[in-house]
Amino acid sequence: RSMRSVWLLHELSLEFELVTLGFSMAALRTPEYLAISPLGRVPCLVDGDVTLIESGAICQYLCERYDSAGALHRAPGHAERNAWLQWLHFAETIAVHGASLVQQQVFVAPADRSMVVIKLEARRLRKALEVLEQGLEGRDFLLASGFSAVDTAVGYSVHLARELLGLDGLPTLAGYYARLAARPAFQRALDQAPLKAMKDAVPGFA
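The shown structure was predicted, so the numbers you read here are calculated from the model rather than taken from an experiment. (Residues numbered from 1 in each chain as written. Predicted model: local features only at pLDDT ≥ 70, side-chain atom pairs only at ≥ 80, totals over all residues. Heavy atoms only, no water.)

Colleague: Looking at this structure, I do not really get the state of the cysteines. What am I missing?
Modeller: By definition, a disulfide links the sulfur atoms of two cysteines through a covalent bond. One pass over the full model with this rule turns up zero disulfides. This cysteine, Cys-44, is not joined by any disulfide, and Cys-59 carries the nearest cysteine sulfur, 16 Å off. Not engaged in a disulfide, the cysteine Cys-63 finds its nearest cysteine sulfur in Cys-59; these two sulfurs lie 4.6 Å apart. Exposure remark for Cys-63: the relative accessible area of 0% places this residue in the buried category. (Disulfide = S-S within 2.5 Å. Buried < 20%, exposed > 50% of the residue type's maximum accessible area, 1.4 Å probe, protein only.)

Shown next, in the form of structure tokens:
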């Protein structure tokens, strides 16, 4: 999920240092990193004396801290605040099913993979994408007012789902993804994304 945070940092035009860790327990379980992120997971944001280890919380923090004009944020009291929050957390619903499929297809040995889990999670992921297909009807982005930070959160989840299942039969969602993928900040984040690194490092991952 680190791409969400990197993408948003680029959308906010913030200067930041990106520290990448390898896809191994050894890289993620060093005493130094566990002192920052107790579960040894990414993403992790360190901003002065603030440390956050959940991508949704990172998104909300960055917007509240650095988007005072509200270009990407919908503050309490805003007419779109509830929709903004709903989509921010729906992004994780999508990603959970995608992550389960990645675990089965990449990190579990072929002989140990569960076809029941794969079929169930693929079905759940597809259903989540169908909800997006309906939610995007008649608009370019998730909020009627236009692009916002929730599009980076949900957009990453769509990016992952597209890699796993494709977007066949979801023309509205496919158009939405194309608009996101054309954004310069998306392209910059994609070049730095762990998903790209995983595809380069793990044979057979597509």
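Colleague: Looking at this structure, I do not really get the confidence of the model for the protein chain. What am I missing?
Modeller: Low pLDDT means the predicted coordinates in that region are not meant to be read closely. Taken residue by residue, the protein chain gives an average pLDDT of 87. The fraction at 70 or more is 91%. Per-residue pLDDT, averaged within each element of the protein chain, yields its smallest value for helix α10 (residues 194-201) (53) and its largest for helix α8 (residues 171-181) (97). Counted against residues more than four places away or in other chains, residues 201-206, with its pLDDT under 50, gives nine contacts. (pLDDT = per-residue confidence, 0-100. Helix = DSSP H or I, 4+ residues; strand = E, 2+ residues; numbered from the N terminus. Contact = heavy atoms within 4.5 Å.)

Colleague: What exactly am I supposed to notice about a nonpolar patch on the surface here?
Modeller: Taken together, the side chains of Val-19, Leu-21 and Val-42 make up a nonpolar region of the molecular surface, amounting to roughly 240 Å² of accessible area. Structurally, the position occupied by Leu-21 is in the loop between α1 (2-11) and α2 (25-28). Judged by relative accessible area, which is 32%, Leu-21 ranks as partly exposed. (Patch = residues over 30% accessible without salt bridge, like charges linked within 9 Å, V, L, I, M, F, W, Y side chains within 5 Å. Areas by Shrake-Rupley, 256 points an atom, 1.4 Å probe, with all protein chains shown as cover. Salt bridge = Lys/Arg side-chain N within 4 Å of Asp/Glu carboxyl O.)

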